[in-house]
Structure formats: C-alpha cells, structure tokens
Amino acid sequence: MDQLKRFLDGISPMDDDDWRFFKSKLKEVGFEKNSVILQKGGVENYVSFIAKGVVRFYIPGEESDLTFGFLFENEFVTGYDSFLSRLPSEYQIETLTETLLWRISKNDLDEVYKKTANGNIIGRKMAESMFLIKSKREISLLNQTAEERYLSLFRDRPKLLQQIPLKFIASYIGVTPQALSRIRKRIT
C-alpha cells in the first residue's frame, strides 16, 4: 500500500486524515495469470491500482482477439467508460501475469471525492492521463504504419515488448503475428 501512497503523493499529496480515509476504502485483490478482471457485458464497479502484474484490454473474437491496451505496475486499471456510464463493457480486461490490485468501488470513490481535500484532483489527473494515452493510440493508428507503431512502442514502452506475448503485440499494432515477425526481421 506504500507504493500506492507514493504514487498518489506524486500527483497531489494527501494529508494523513485523507489518506487514512482513502486507505480504509481499498481492498487488496489477487489474480492468477490469465484471469478475467472485467468480463465483456459486465459493468465495471472498480478503479484499481496495479501493485504487481500486467493486464491487457481486448475485444474477444471468434478467431482471434483484438488487443487495444496494456497496463503495468504503478498504473490504474479500469473499464472507465463502463465505470462512468454504468453500461455493460464492450471489451474484457485480463491479467497476463499474476497480478495484485488495490481496488476501490464506485460508491467508495464517490465518497472519497466528497470527503477529501484532493480526491477530486487525483481523479481528474488520472482521467486526463487515461485520455492522453487513448488519444495517442488513436492518432498512431491513423497516422503511422505498423512498423512505425512497433518502433514507437519499442521506444515508449520497452518493458511491454519484454513482458507481452508477440501475438498480443501484433494485435495491438494491427498486424498478424507473421507480419510482426517480418517487421522485427527488417529492423534488426
């Protein structure tokens, strides 16, 4: 939990009373590798901090899944659109490694927003961060070739390439695993 406190203090420090209140709302939850955190069709009820592990966002397909995001330690994970709208999710979130989360429910987070001095600031900054990640991904899909997307990924998030199976990376950049293999051969 100290890891989460340090992370939040880097965004907007909480005084001791606010931290105790916020901490009282958190639940520690562990998941095995390849566990579904949010099922397609389910409504997201939590915002979670990844204390350990790697997760992916994907749309399940009959022949193959469409991967569109990855998150790692010291990042927040949620099906944010479902969390905000209270509508069923169009995608799934699963663990790619053994994962440990600190979770807070929607109702408890709303209470933190109301009762703490800077809960809203932290929530806004996290929403802004998620927006920027999503926007950058959309622009890369529209403006870059698959090879450029791969190189950007390699430059911006090198640990992703070390921890994620290549079939998921291929899906993420919008190519088949065979095309990714050709790209990797060309640039090495």
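Our subject is the structure listed above.
Because the structure is predicted, anything quoted here is derived from the model rather than measured. (Residues numbered from 1 in each chain as written. Predicted model: local features only at pLDDT ≥ 70, side-chain atom pairs only at ≥ 80, totals over all residues. Heavy atoms only, no water.)

Caption draft 1: The arrangement of the packing of aromatic side chains in detail. Following the criterion strictly, the structure yields 9 aromatic pairs and no others. Aromatic pair Phe57 and Tyr91: ring centres 5.9 Å apart, planes at 45°, arrangement tilted. With Phe57 in strand E4 (residues 55-59) and Tyr91 in the loop between helix H3 (80-85) and strand E7 (92-95), this pair connects stretches of sequence that are 34 residues apart. Each of the two residues, Phe57 as well as Tyr91, counts as buried. Taking the centre distance of 5.2 Å and the plane angle of 85° together, the rings of Phe68 and Tyr91 count as edge-to-face. Here Phe68 is found in strand E5 (residues 66-71), whereas its partner Tyr91 is found in the loop between H3 and E7, with 23 residues between them in sequence. Three or more aromatic residues link up through ring pairs in this structure, and these residues are Phe7, Phe49 and Phe76. (Phe/Tyr/Trp six-rings, centres within 6.5 Å; stacked < 30°, edge-to-face > 60°. Helix = DSSP H or I, 4+ residues; strand = E, 2+ residues; numbered from the N terminus. Buried < 20%, exposed > 50% of the residue type's maximum accessible area, 1.4 Å probe, protein only.)

Caption draft 2: View of the sheet that holds E5. The antiparallel open sheet is built from 4 strands, whose spatial order is E2-E7-E4-E5. Because the sheet does not close on itself, it has two edges, and the strands there are strand E2 (36-38) and E5. Taking the axes of each pair of neighbouring strands and ignoring which way they run, one obtains an average angle of 30° across the sheet. Inspection of the sheet shows E2 paired to E7 by 2 bridges, in the antiparallel sense. Paired with Val36 across the bridge in E7 is Glu94. Of the strands in this sheet, E4, E5 and E7 touch helix H8 (residues 166-173), which is tilted by about 105° from E5. (Pairing = 2+ DSSP bridges. Axes fitted to C-alpha atoms, helices over the stretch in contact; angles between N-to-C directions. Contact = heavy atoms within 4.5 Å.)

Caption draft 3: Structural detail: helix H2 (residues 16-24). Where H2 is concerned, the buried positions are Asp18, Trp19 and Phe22. Projection of H2 onto a plane perpendicular to its axis shows the buried side chains occupying an angular sector of 100°, all on one side. Along H2, the residues that are exposed and aim more than 90 degrees away from the buried face are Asp16 and Asp17. On its buried face, H2 is in contact with helix H1 (2-11), strand E8 (99-105) and helix H4 (106-115). (Arc of directions from axis to C-beta.)

Caption draft 4: Structural detail: unusual backbone geometry. One non-glycine residue, Asn34, lies in the positive phi region at around 65°. Looking at where Asn34 falls in the secondary structure, it is placed in the loop between strand E1 (27-31) and E2. Residue Asn74 is not a glycine yet carries a positive backbone phi of 65°. Checked against the element boundaries, Asn74 lands in the loop between E5 and strand E6 (76-77).

Caption draft 5: Region of the structure containing the layout of surface pockets. In this structure, the largest pocket occupies an estimated 780 Å³ of space. What lines the largest pocket is a set of 29 residues, and nearest its centre among them are Phe57, Phe68, Met130, Ile133 and Lys134. Taken together, the elements giving at least two residues each to the lining of the largest pocket come down to E4, E5, E6, H3 and helix H5 (119-143). Among the elements that line the lining of the largest pocket, the one with the most residues is H5, at 9 residues. Per-class residue counts for the lining of the largest pocket are 18 nonpolar, 4 polar and 7 charged. (1 Å grid on protein atoms, 1.4 Å probe; cavity = no way out; pocket = protein on both sides within 12 Å on 5 of 7 lines; lining within 4 Å. Points joined across faces, edges and corners; volume = space filled by probe spheres on them. Nonpolar A, V, L, I, M, F, W, Y, C, P; charged D, E, K, R; others polar.)

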